[in-house]
Amino acid sequence: MEKKGQTNILAIVLIALIVIVAIAIVWNIVGSLVREKSSEAGIGKFSVDIDITDAAVFETGASKISVKRGAGGEINSLKFVFYDESGNSKIEDAESLGELETKTYSFSPLGIGKINKVSVFPVIGNQIGMESQRGIENILEVPSGVVSWWRFDDGMDFMGKNNCNPVDIIDDEKRGKVASFNREPAVCGSDISLNIDKEIGISFWIKTSSENGEIIKKGDNYNIFLEKGFINFNYGKQVKSEGEINDDEWHHVVATMTGIYVDSQLSSSRIMDKAGGISSEELKIGSFNGFLDEMMLFNEGLANTEVTGLYNNQKIS
């Protein structure tokens, strides 16, 4: 009986120890989760949803970074960090943006090497929030000489000078926001910067089934138009693409002093003269039936590598 009693006591003690160990394990797991959630709750206000939607770096070293903010939270300011290929960095402070707002921030050359990464952090009080980052594969390298850049997220000139009015913006399943035209052109100003009399480059994405119509025209200075589905570029002399582009698919077109490129391939080659003549007429875009996106006007020529870079960086798969 005595041995049986001792066995029962040992069994009870063993069970108690097992229970204690089990409780300790469970408490460690639960406690860890509690601490984790408590930590999340403590920094939740520092996790405001912001995202870099576009990052463009110009050949001069200047940059434009577009940031979109979600709902909720309070942001006092933003902190941008730029990194170059050698690992050098530069910090730039910027003002905040409102809930659900998208804002583009412009930065002068930073005094570091070629930028290959940019991050943005929300600043809440004296605390730094969670990072949004763009690496080199998502940064658009912009050739020099940009006069105007109509991205057609709206009617505004990304370079800030020559806004278009009116512009009908729609959502395209492949390219997102684009400009839709129905023979009524958008008027984009007559600023002196739009008059070009030396090197020129015009880049844009187009989708149309039309055979004829004006795509961009600045009086007798320069114009690009459709004729029987072919792209025609007039700048002192006229050159025509070798293939039609009116197949209702998106195509990238670049017109330069040396000819016309379609989807990064040289379609027609011809050395152009200087402009036909400076014009005081307003610049008009989109006197045809179809869609345009990412139209860029340069007062410098574009090399083959720059044409390819624009095509690859603006292409949406």
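Residues numbered from 1 in each chain as written. Predicted model: local features only at pLDDT ≥ 70, side-chain atom pairs only at ≥ 80, totals over all residues. Heavy atoms only, no water.

A. Summary view of the overall build of the chain. Of regular secondary structure, the chain possesses two helices and 23 strands. Expressed as a percentage of its 317 residues, the buried residues of the chain come to 43%. The contacts in the chain between residues at least 6 apart in sequence include a share of 64% that link residues at least 24 apart. Entry remark: accessible area of the chain is about 16,500 Å², with carbon and sulfur atoms responsible for 51%. (Helix = DSSP H or I, 4+ residues; strand = E, 2+ residues; numbered from the N terminus. Buried < 20%, exposed > 50% of the residue type's maximum accessible area, 1.4 Å probe, protein only. Contact = heavy atoms within 4.5 Å. Areas by Shrake-Rupley, 256 points an atom, 1.4 Å probe, with all protein chains shown as cover.)

B. Looking closely at the packing of aromatic side chains. Taken as a whole and assessed by the stated rule, the structure comprises 10 aromatic pairs. Ring centres of Phe-58 and Trp-149 lie 6.4 Å apart, and the angle between their planes is 80°; on these two criteria the pair is classed as edge-to-face. Taken as a pair, Phe-58 in strand E1 (residues 50–58) and Trp-149 in strand E10 (residues 146–150) lie far apart in primary sequence, 91 residues in all. Accessibility assignment for this pair places Phe-58 and Trp-149 in one class, buried. When the centroid spacing of 6.4 Å and the interplanar angle of 20° are considered together, the rings of Phe-80 and Phe-82 count as stacked. Across this residue pair, the class does not change: Phe-80 and Phe-82 are buried. Among the aromatic residues, those joined into a cluster by ring pairs are Phe-80, Phe-82, Tyr-105 and Phe-107. For Arg-175, the ring lying beneath its charged end belongs to Trp-250, and the centroid distance is 5.8 Å. (Phe/Tyr/Trp six-rings, centres within 6.5 Å; stacked < 30°, edge-to-face > 60°. Lys NZ or Arg CZ within 6 Å of the ring centre and 35° of its normal.)

C. Representation of the environment of Tyr-83. With respect to the helices and strands, the residue Tyr-83 is situated in strand E3 (residues 77–84). The exposure class assigned to Tyr-83 is partly exposed, which follows from its relative accessible area of 23%. Sequence spacing of Tyr-83 and Lys-114 is 31 residues, and the spatial spacing of their C-alpha atoms is 8.2 Å. In this structure Tyr-83 touches Asn-88, Ser-89, Ile-112, Lys-114, Ile-115, Asn-116, Lys-117 and Ser-119, once residues within four positions along its chain are discounted.

D. Structural context of the layout of surface pockets. Size it by volume and the largest pocket reaches roughly 850 Å³. Along the wall of the largest pocket there are 29 residues; nearest its centre are Thr-53, Asp-54, Arg-151, Asp-153 and Glu-294. The set of elements that each furnish at least two residues to the lining of the largest pocket consists of E1, strand E2 (63–69), strand E5 (102–107), strand E12 (176–182), strand E23 (289–298) and helix H2 (304–314). It is E1 that provides the largest number of residues to the lining of the largest pocket, a total of four residues. (1 Å grid on protein atoms, 1.4 Å probe; cavity = no way out; pocket = protein on both sides within 12 Å on 5 of 7 lines; lining within 4 Å. Points joined across faces, edges and corners; volume = space filled by probe spheres on them.)

E. Summary view of the sheet that holds E2. In space, the four strands of this open sheet follow the order E5-E2-E1-E9, with mixed pairing throughout. Each having just a single partner strand, E5 and strand E9 (140–142) make up the two edges of the open sheet. The mean inter-strand angle of the sheet, taken between neighbouring strand axes irrespective of direction, is 20°. The sheet contact formed by E1 and E2 spans seven bridges and is antiparallel. In the strand pairing of E2, Ile-50 is matched with Arg-69. (Pairing = 2+ DSSP bridges. Axes fitted to C-alpha atoms, helices over the stretch in contact; angles between N-to-C directions.)

F. Here's a closer look at the sheet that holds strand E22 (residues 284–287). Taken in spatial order, the six strands line up as E13-E22-E15-E16-E17-E18 in an open sheet, and their pairing is antiparallel. The strands lining the two open edges of the sheet, one partner per strand, are strand E13 (186–187) and strand E18 (237–240). Pairing between strand E15 (residues 213–218) and strand E16 (residues 222–227): five bridges, direction antiparallel. Residue pairing across strands places Glu-214 opposite Phe-225, the latter belonging to E16.

G. Here's a closer look at the side chain of His-252. The residue His-252 is located in strand E19 (residues 251–256) in this model. Separated by 2.9 Å, the side chains of His-252 and Ser-203 make a polar contact. Leave out the neighbours within four places in its chain, and His-252 touches Ser-203, Phe-204, Trp-205, Tyr-261, Val-262, Asp-263, Val-307, Leu-310, Tyr-311 and Gln-314. (Polar contact = N/O pair within 3.5 Å; in protein donor to acceptor, adjacent residues only side chain to side chain.)

H. Main features of the nonpolar core. One finds Trp-150, Ile-215, Ile-285 and Leu-292 to be the most contacted residues of the largest nonpolar core, which totals 35 residues. In this structure, Ile-285 is in contact with Trp-150, Phe-152, Cys-164, Phe-181, Pro-185, Ala-186, Cys-188, Ile-215, Ile-216, Leu-292 and Met-295, ignoring residues within four places of it in sequence. Formed by 20 residues, the second largest nonpolar core is a distinct cluster that contains Ile-52, Val-57, Tyr-105 and Phe-107. (Core = buried A, V, L, I, M, F, W, Y, C linked by side-chain atoms within 4.5 Å.)

I. Focus on the pairing of E15. Two successive antiparallel strands, E15 and E16, enclose a turn made up of three residues, where Gly-219 displays a positive phi of approximately 55°. The pairing of E15 with E22 spans three bridges and is classified as antiparallel. By the bridge assignment, Glu-214 is partnered in E22 with Ser-287.

J. Structural context of unusual backbone geometry. Here the residue pair Asn-165 and Pro-166 is connected by a cis peptide bond, since its omega of -10° sits within 30 degrees of zero. For Leu-100, which is not a glycine, the phi torsion comes out positive at approximately 65°. Position of Leu-100 among the secondary structure elements: in the loop between strand E4 (89–95) and E5. Of note, Ser-264 is a non-glycine position whose phi angle comes to about 75°, a positive value.

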